[in-house]
Amino acid sequence: MVRFTLSLCLAMVLSMPATAQEGNRKITGALIYMQKIALPEEAEVHVMVMGALDTTLGESRFETSGAQVPLPFEVTVPERLSGTFRALIRVDGRPAWRADDLRIAAGPEDVDLGDVRLRQFTPLAFASRFDCGGTTVEFGMQDDTPTLRLEGRDYWMRPVPAASGSRYVAEADETVTFWSKGTEAMLTVGGEERPACAKVEKDPETYTARGNEPGWSVVIGEAEAEVVANSGDTRLVTARPEIRPEPGAYVLDMPEIDARLRLEERLCRDDATGMPYPHRAVMTLGGRDLHGCGGDAASLLTDGEWTIAEVDGAPVIDESGARIIFDESGRLSGRTGCNGFTGSYFLTGEGLNLGQMGSTMMACPGPLMKQERLILDALEQVARFEIDESGALRLVGGDGQVLLIARRV
């Protein structure tokens, strides 16, 4: 078996003809970790970039052949598509080091991620995953020890008495606590309470695209794709198609039903309701192009944390820490610059509804208290949301007034 060194593999990729790279871009960097642990001779590296519909945009695999960190990598992906970068090093076929979900923005330019820090991977037994305001935590057993896995670090926990549910405190840092009851949990780090946690139940991914005049939809399920057209008069079902990424778009061919779905990664607004969606969709059915939007509107809200920039037309106080987070379980949390707040949200076909907010009751200086009142009042009036051309979130009232503007962290 011929064995290539890492440097030779990279040289081969870099020497590819320019035509083979047309419409693509390169994601580069180096994998590192801080522990003084040598990799064995035949450790295996797998790096990939994942896009919408759980599509692999690009990946690279290689053996280290005795090389140690930093380990340079290069992945080629279609341009103008966003994604998340993941890396895994296997030793003797088992996961040993990993990095997950490093966001890569859409664009035509090559991206240098610099040093990508890996964390040591030890599987947790009986693990449950929770979403705490956009931060994913795992709680399970490592050997016989309850373990909280948070932001790349493992905390060994001990149980403490609780009136209900199960409560744990970190052995080495009593400011880290975790309390769980059924599908809900509360996390405290450094003595500061994080947003409410909800258990993550992984369902098979379903993707929907839709349009008006005439009404049509496509639902891409785990095993099938269903096409509805002509306001419901046409209904066709076929096997889930392969997803072909190309620069700026995903293409799903369904020749068995004479259909093709093209999804461009560009912000789309429903032409009847104005609701924003992450993809512009073109459904070609029987040679006819039908236009609409695709993806989950909520994903535009849940993709990260938002810093509140303006409320009621006025800028917020500098460095007050006012922010808002939408999690995937329908929970809303944030800070006004004074107190924290929590609540719920849900999307209808036409707008955004926020539930009643609860907040802590700490007293703050007058200007911060005034800002808090403005923010909470604005949230009570929200009827829909927009994403403007700069990527800022605009929460809008029923009368069309922009109540609050926030920018992605």
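Located above this text is the structure these notes cover.
K.L.:
Give a description of the overall build of the chain that names residues and reports values.
P.N.:
Along its length, the chain carries 3 helices and 38 strands. Relative to its length of 409 residues, the chain is compact, with a C-alpha radius of gyration of 24 Å against a globular reference of 22 Å. Judged by the C-alpha coordinates and their principal axes, the chain covers about 70 × 60 × 40 Å. Taking all 409 residues of the chain together, the buried fraction comes to 43%. Long-range contacts, defined here as pairs at least 24 residues apart, represent 46% of the contacts in the chain between residues at least 6 apart. Charge centroids of the chain, computed over 41 positive and 63 negative side chains, lie 2 Å from each other.

K.L.:
Quick one: what's the story with the sheet that holds strand S5 (residues 83–91), residue by residue and with numbers?
P.N.:
Here 5 strands make up an open sheet; going across it, the order is S3-S2-S5-S6-S8 and the pairing antiparallel. The sheet terminates laterally at strand S3 (56–63) and strand S8 (119–120), the two strands that pair on one side only.

K.L.:
Explain the pattern of salt bridges to me, and be specific about the residues and the numbers.
P.N.:
Taken as a whole, this structure holds 22 salt bridges when the rule is applied. Where aspartate 100 meets arginine 98, a salt bridge forms, and the shortest distance between an N and an O atom there is 2.5 Å. Among the salt bridges present, the one from arginine 373 reaches aspartate 377, with a minimum N-O distance of 3.1 Å. Here the residue arginine 373 and the residue aspartate 377 both occupy positions in helix H3 (residues 366–380), the gap between them amounting to 4 residues, near one helical turn. For arginine 373, a relative accessible area of 42% corresponds to the partly exposed category.

K.L.:
Run through the sheet that holds strand S21 (residues 234–239), naming residues and quoting values.
P.N.:
One open sheet holds the 9 strands; their spatial order is S21-S20-S19-S18-S28-S27-S24-S23-S22, and the pairing between them is antiparallel. Of all strands in the sheet, those bounded by a partner on one side alone are S21 and strand S22 (243–246). Across this sheet, the average inter-strand angle for adjacent strands is 20°, counted without regard to direction.

K.L.:
I'd love a proper account of the state of the cysteines, names of residues and values included.
P.N.:
Taken as a whole, this structure holds 3 disulfides when the rule is applied. Disulfide partner of cysteine 132: cysteine 197, at an S-S distance of 2.0 Å. Between cysteine 132 and cysteine 197, the S-S dihedral sits near 105°, and the bridge is therefore right-handed. A residue pair is termed long-range when its members are at least 10 positions apart, and cysteine 132 in strand S9 (residues 125–132) and cysteine 197 in strand S17 (residues 197–199) qualify at 65 residues.

K.L.:
Let's hear about the packing of aromatic side chains: which residues, and what values?
P.N.:
As enumerated under the stated definition, the model contains 6 aromatic pairs in all. Plain terms: the ring middles of phenylalanine 130 and phenylalanine 178 are 5.5 Å apart, the flat faces sit at 70° to each other, and that makes the pair edge-to-face. You can see phenylalanine 130 sitting in strand S9 and its partner phenylalanine 178 sitting in strand S14 (residues 177–181), a full 48 residues away along the chain. This pair shows no difference in class: phenylalanine 130 is buried, exactly as phenylalanine 178 is. An aromatic cluster is defined as three or more aromatic residues linked by ring pairs; in this entry it consists of Phe130, Phe139, Tyr168 and Phe178.

K.L.:
Tell me about the nonpolar core, residues and numbers included.
P.N.:
Formed by 46 residues in total, the largest nonpolar core has its most connected members in Leu31, Phe85, Leu261, Leu263 and Met283. If near-sequence neighbours (up to four positions away) are discounted, leucine 263 is found in contact with Leu53, Tyr207, Ala209, Gly248, Ala249, Tyr250, Leu252, His279, Arg280 and Ala281. The next biggest cluster of nonpolar side chains, apart from the first, holds 31 residues, and it includes Ile324, Ala378, Ile387 and Leu403.

Cut-offs applied
Residues numbered from 1 in each chain as written. Predicted model: local features only at pLDDT ≥ 70, side-chain atom pairs only at ≥ 80, totals over all residues. Heavy atoms only, no water. Helix = DSSP H or I, 4+ residues; strand = E, 2+ residues; numbered from the N terminus. Rg over C-alpha atoms; globule rule 2.2 N^0.38 Å. Buried < 20%, exposed > 50% of the residue type's maximum accessible area, 1.4 Å probe, protein only. Contact = heavy atoms within 4.5 Å. Lys, Arg positive; Asp, Glu negative; His and termini not counted. Charge placed at Lys NZ, Arg CZ, Asp CG, Glu CD. Pairing = 2+ DSSP bridges. Salt bridge = Lys/Arg side-chain N within 4 Å of Asp/Glu carboxyl O. Axes fitted to C-alpha atoms, helices over the stretch in contact; angles between N-to-C directions. Disulfide = S-S within 2.5 Å. Phe/Tyr/Trp six-rings, centres within 6.5 Å; stacked < 30°, edge-to-face > 60°. Core = buried A, V, L, I, M, F, W, Y, C linked by side-chain atoms within 4.5 Å.

Read these as geometric descriptors, not functional statements.
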